[in-house]
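# Results of the structural survey
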Amino acid sequence: MKKIVAIISLLFLIVSCDKGIEPNPEPVDPENTGIAGTVNFLGDWPSGVARTHIVLFKNEILSEADFFPPNLSYVSNEIDSGTVILDYDSRTNNLLDVNIAPGTYKYIVVAQSTKEALSLDRKDWFVVGVYYALNDNSKPGSIIVNEGRMTENVNITCDFNNPPPQPPGG
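Read on for a plain summary of the structure. All of these numbers come straight from a predicted model, not from anything done at the bench. (Residues numbered from 1 in each chain as written. Predicted model: local features only at pLDDT ≥ 70, side-chain atom pairs only at ≥ 80, totals over all residues. Heavy atoms only, no water.)

## A closer look at the packing of aromatic side chains
- Tallying each qualifying case throughout the model produces five aromatic pairs.
- Note on F41 and W45: the rings are 4.9 Å apart at their centroids and 35 degrees apart in plane angle, and the pair reads as tilted.
- Under the relative-accessibility criterion, F41 is labelled buried at 4%.
- Classification of W45 by relative accessible area gives buried; the value is 15%.
- One aromatic cluster in this structure is built from F41, W45 and F160. (Phe/Tyr/Trp six-rings, centres within 6.5 Å; stacked < 30°, edge-to-face > 60°. Buried < 20%, exposed > 50% of the residue type's maximum accessible area, 1.4 Å probe, protein only.)

Rendered as structure tokens:
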């Protein structure tokens, strides 16, 4: 009988001890989810460029087939030619007017096109700046976007005299 009482007491203790008096989590505002940072443009802007945008991809562009709309998660408003420094915030600078979903993103770039119309053909775009993880310019950096929070310091340098490697398909 003592064993049964001890087991019931232990089960009651385990079930009733969840998070104790831990404070409730802060409410999450999905409208506050996004990325922000600064883009620095170095050198002279190339001639013939019609469009420049910050583009966020869920996955890396490992082949031309990876350049497709479901992999495309954010496109900034058009960046004016001749811009030297751009501070951006995906909540307010968003061409597609679609909030960035929480998750991990593997490829954030500044891309340019000579086409006036917005094109979804990979061959129409060339990358002029890539987001790299801090202290690692050997490969594109990943970022994590949490619901209700801004991922800040997603900073990109576009050096027109030293363009980054182009993803496949260009």
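The structure having been displayed, the exposition proceeds.
## Quick word on the environment of V84
- Of note, V84 is situated in the loop between strand 3 (72-75) and strand 4 (85-89).
- On the basis of relative accessible area, V84 is assigned to the exposed category, the value being 53%.
- For the pair V84 and N24, spaced 60 residues apart in sequence, the C-alpha to C-alpha distance is 44 Å.
- Among residues more than four places away in sequence, those in contact with V84 are V39, N40 and F41. (Helix = DSSP H or I, 4+ residues; strand = E, 2+ residues; numbered from the N terminus. Contact = heavy atoms within 4.5 Å.)

## Focus: unusual backbone geometry
- The backbone of N135 sits at a positive phi, close to 65 degrees, despite the residue not being glycine.
- Within the element layout of this structure, N135 appears in the loop between strand 7 (125-130) and strand 8 (143-145).
- One non-glycine residue, N153, adopts positive backbone phi at about 65 degrees.
- Topologically, N153 is positioned in the loop between strand 9 (150-151) and strand 10 (156-159).

## Let's talk about the nonpolar core
- I35, V39, F41, I54 and I143 are the most contacted members of the largest nonpolar core, which has 22 residues in total.
- Among the elements that make up this core, the one with the highest residue count is strand 1 (residues 34-42) (three residues).
- Among residues more than four places away in sequence, those in contact with F41 are I79, T83, V84, L86, V110, C158 and F160.
- Formed by eleven residues, the second largest nonpolar core is a distinct cluster that contains V55, F57, I61 and W125. (Core = buried A, V, L, I, M, F, W, Y, C linked by side-chain atoms within 4.5 Å.)

## Some words on the pattern of salt bridges
- Enumeration according to the criterion identifies five salt bridges in this entry.
- Ionic pairing is found between E78 and R51, a salt bridge with its closest N-O pair at 3.4 Å. With E78 in the loop between strand 3 and strand 4 and R51 in strand 2 (residues 51-57), this pair connects stretches of sequence that are 27 residues apart.
- Overall, E78 belongs to the partly exposed group, its relative accessible area being 41%.
- The exposure class of R51 is buried, given its relative accessible area of 11%.
- For K139, the salt bridge is made with D136, and the minimal N-O distance between the two is 3.5 Å.
- On the basis of relative accessibility, which here comes to 23%, the residue D136 falls in the partly exposed class.
- Counted as one network, the salt bridges with shared partners bring together D121, K123 and D124. (Salt bridge = Lys/Arg side-chain N within 4 Å of Asp/Glu carboxyl O.)

## A short note on the side chain of T33
- When you line up the elements, T33 lands in the loop between helix 1 (2-16) and strand 1.
- Only 2.6 Å separates the side chain of T33 from the backbone nitrogen of G148, close enough to count as a polar contact.
- In contact with T33, other than residues within four places in its own chain, are S90, R91, I100, P102, V145, N146, E147, G148, R149 and M150. (Polar contact = N/O pair within 3.5 Å; in protein donor to acceptor, adjacent residues only side chain to side chain.)

These figures come from the coordinates and say nothing about function on their own.
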